[in-house]
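# Summary of the model geometry
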Amino acid sequence: MMRALDSLKRGFYKARPLGAALVALWAVSAGAEVINGAQLPDGSKRVGENRYRSPRDFDGTLEYYRAVYSTSGYPRRQIVNQPGVKAVHISNPSGKNFAGLNIYEANDEVRIYIVPTQQAAKPAKKPETTKSRKK
């Protein structure tokens, strides 16, 4: 009894996980909004300057950012973990457009704060003038 898998073909079966990964990435980023270079979950509402309300719960928002910004490329650290308050900071190592993201939950709301880069304006150097005194 000969089956299709018992054929004498030389070609081996190769799994193609790239297609599934691209579909998953497209599903995560489809409809996502980008503000100052930082990606926000679909349906986020602006509540202030650089502050947004996430439509997801805290764990769902962290899962979203785990898919968008990998943990190996964007380090995370826990800011606060008190009863009723959770907060995580995601650093942007490149420092382009934004320094990082703060994701926090308080009063049953999840908020995202885009930490702007600190573009310290260097003051123009004034030429030193020396006053000479005539004696």
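Predicted, not measured: the structure shown is a model, and the values here were computed from it.

What follows deals with the overall build of the protein chain. Helices and strands together make up the secondary structure of the protein chain, namely two helices and eight strands. Counting every position in the protein chain, which comprises 135 residues, the buried fraction comes to 24%. Once local pairs closer than 6 in sequence are excluded, the contacts in the protein chain between residues at least 24 apart make up 38%. Summed over all atoms, the accessible surface of the protein chain reaches about 11000 Å², with 53% contributed by carbon and sulfur.

With that out of the way, let us pick up the pairing of strand β3 (residues 45-48). Sheet analysis places β3 next to strand β4 (residues 51-53), joined by three bridges and oriented antiparallel. Across the sheet, residue K45 finds its bridge partner in β4, namely R53. The turn joining β3 and β4, which pair antiparallel and follow one another in sequence, is formed by two residues; a positive phi near 60 degrees is taken by N50.

A few words now on the sheet that holds β4. Read from one edge of the open sheet, six strands run β3-β4-β8-β7-β6-β5, paired in antiparallel fashion. Strands with a single pairing partner mark the edges of an open sheet, and in this sheet they are β3 and β5 (76-82). For this sheet, the mean inter-axis angle between neighbouring strands, taken without regard to orientation, is 25 degrees. Here strand β7 (residues 100-106) pairs with strand β8 (residues 109-115) via seven bridges, running antiparallel. Bridge pairing in β8 places N102 opposite Y113. Against the sheet, helix α2 (residues 58-68) engages β5, β6 (85-91), β7 and β8, with an angle of about 165 degrees to β7.

With that settled, the discussion passes to the packing of aromatic side chains. Within this structure, the stated rule accounts for four aromatic pairs. Between Y69 and Y74, the aromatic rings sit 4.7 Å apart at their centres with planes inclined by 50 degrees, giving tilted as the arrangement. Put simply, the rings of Y64, Y65, Y69, Y74 and F98 pair up and form one aromatic cluster.

As a further point, take the confidence of the model for the protein chain. Across the protein chain, pLDDT averages 78, with 64% of residues at or above 70. Mean pLDDT in the protein chain bottoms out at helix α1 (residues 17-29), which sits at 53, and peaks at β4, which reaches 95. Within the model, pLDDT remains below 50 along residues 120-124, and this stretch shows zero contacts once partners closer than five positions in the same chain are excluded.

Here is what the cut-offs are and how they apply
Residues numbered from 1 in each chain as written. Predicted model: local features only at pLDDT ≥ 70, side-chain atom pairs only at ≥ 80, totals over all residues. Heavy atoms only, no water. Helix = DSSP H or I, 4+ residues; strand = E, 2+ residues; numbered from the N terminus. Buried < 20%, exposed > 50% of the residue type's maximum accessible area, 1.4 Å probe, protein only. Contact = heavy atoms within 4.5 Å. Areas by Shrake-Rupley, 256 points an atom, 1.4 Å probe, with all protein chains shown as cover. Pairing = 2+ DSSP bridges. Axes fitted to C-alpha atoms, helices over the stretch in contact; angles between N-to-C directions. Phe/Tyr/Trp six-rings, centres within 6.5 Å; stacked < 30°, edge-to-face > 60°. pLDDT = per-residue confidence, 0-100.

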